[in-house]
Amino acid sequence: MRPVRGLSGIVAAGTVVLMLVVVGTAVIADRRGFPGPGGESVTWHVVAAVIAVAAQMYSDRHRGSAAFSGSAVVFIVAGLLLWTQWWS
């Protein structure tokens, strides 16, 4: 179960990094008067990062199927974020 939790930790950290990039891009674009990611995209990234980090913390504090469930939530949330905000 440790490899799954480790991989989901990497994915959760990547989700946080994506959130920081999108928020930073939105701030810079707004200050310079360029179009950037809208409020909806920023909101999606912030919510996904919060959920992923919370699920990862839950996964790290539990064992067995509970830990696997937390890791699965991280993968699902990251997948939904990538699908809805980056690929489609």
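Higher on the page you've got the structure.
Residues numbered from 1 in each chain as written. Predicted model: local features only at pLDDT ≥ 70, side-chain atom pairs only at ≥ 80, totals over all residues. Heavy atoms only, no water.

Chemist: Can you walk me through the environment of A54 in this structure?
Modeler: Position of A54 relative to the elements: it lies in helix α2 (residues 39-61). A sequence separation of 16 residues divides A54 from G70, and the C-alpha atoms of the two residues are 8.6 Å apart. (Helix = DSSP H or I, 4+ residues; strand = E, 2+ residues; numbered from the N terminus.)

Chemist: Just checking my understanding: could you explain the pattern of salt bridges for this structure?
Modeler: Counted according to the given criterion, the structure contains 1 salt bridge. For D60, the salt bridge goes to R5, with nearest N and O atoms at 3.7 Å. Of the two residues, D60 is situated in helix α2 and R5 in helix α1 (residues 2-32); the sequence distance between them amounts to 55 residues. (Salt bridge = Lys/Arg side-chain N within 4 Å of Asp/Glu carboxyl O.)

Chemist: Quick question: what am I supposed to make of the packing of aromatic side chains here?
Modeler: The description of two aromatic rings rests on the distance between their centres and on the angle between their planes. All chains considered together, the criterion is met by 1 aromatic pair. A ring pair is formed by W83 and W87, whose centres lie 6.4 Å apart and whose planes are at 80°; its orientation type is edge-to-face. Of the two residues, W83 and W87 both sit in helix α3 (residues 65-87), 4 residues apart, roughly one turn of that helix. Looking at W83, the relative accessible area reads 55%, which means it is exposed. W87 gets classed as exposed once you look at its relative accessible area, which sits at 61%. (Phe/Tyr/Trp six-rings, centres within 6.5 Å; stacked < 30°, edge-to-face > 60°. Buried < 20%, exposed > 50% of the residue type's maximum accessible area, 1.4 Å probe, protein only.)

Chemist: When you look at a nonpolar patch on the surface in this model, what are you seeing that I'm missing?
Modeler: Taken together, the side chains of L7, I10 and F75 make up a nonpolar region of the molecular surface, amounting to roughly 280 Å² of accessible area. Summarising the element assignment, F75 is placed in helix α3. (Patch = residues over 30% accessible without salt bridge, like charges linked within 9 Å, V, L, I, M, F, W, Y side chains within 5 Å. Areas by Shrake-Rupley, 256 points an atom, 1.4 Å probe, with all protein chains shown as cover.)

Chemist: How should I be thinking about α2 in this particular structure?
Modeler: Since the α-helix turns once every 3.6 residues, residues separated by three or four places project in the same direction. Between its terminal C-alpha atoms α2 stretches 33 Å, which fits the 33 Å expected from 23 residues at 1.5 Å a residue. Contacts from the buried residues of α2 go to α1 and α3. (Expected span 1.5 Å × (residues − 1). Contact = heavy atoms within 4.5 Å.)

Chemist: What should I look at first to understand the packing of α1 against α3 in this one?
Modeler: If you want to describe how two helices pack, look at the angle between their axes and the distance between the axes. Contact pair α1 / α3: the axes reach a minimum separation of 9 Å and the direction vectors enclose 35°. Our pair here, α1 against α3, has a crossing hand that is left-handed. Across from V4, R5, L7, S8, V11, A12, T15, L18 and V22 in α1, the residues of α3 making contact are A67, F68, S71, V74, F75, A78, L81, L82 and W86. Its residues placed into classes, the contact of α1 with α3 shows 14 nonpolar, 3 polar and 1 charged. (Axes fitted to C-alpha atoms, helices over the stretch in contact; angles between N-to-C directions. Left-handed = near helix turned anticlockwise from the far one by under 90°. Nonpolar A, V, L, I, M, F, W, Y, C, P; charged D, E, K, R; others polar.)

Chemist: What is the right way to look at α1 in this model?
Modeler: Given a rise of 1.5 Å per residue, 31 residues ought to cover 45 Å, and the 45 Å separating the end C-alpha atoms of α1 matches this to within 8%. Within the sequence span of α1, burial applies to R5, S8, A12, T15, M19, V22, A26 and A29. On its buried face, α1 is in contact with α2 and α3. Just downstream of α1 lies G33, where phi reads positive at about 75°.

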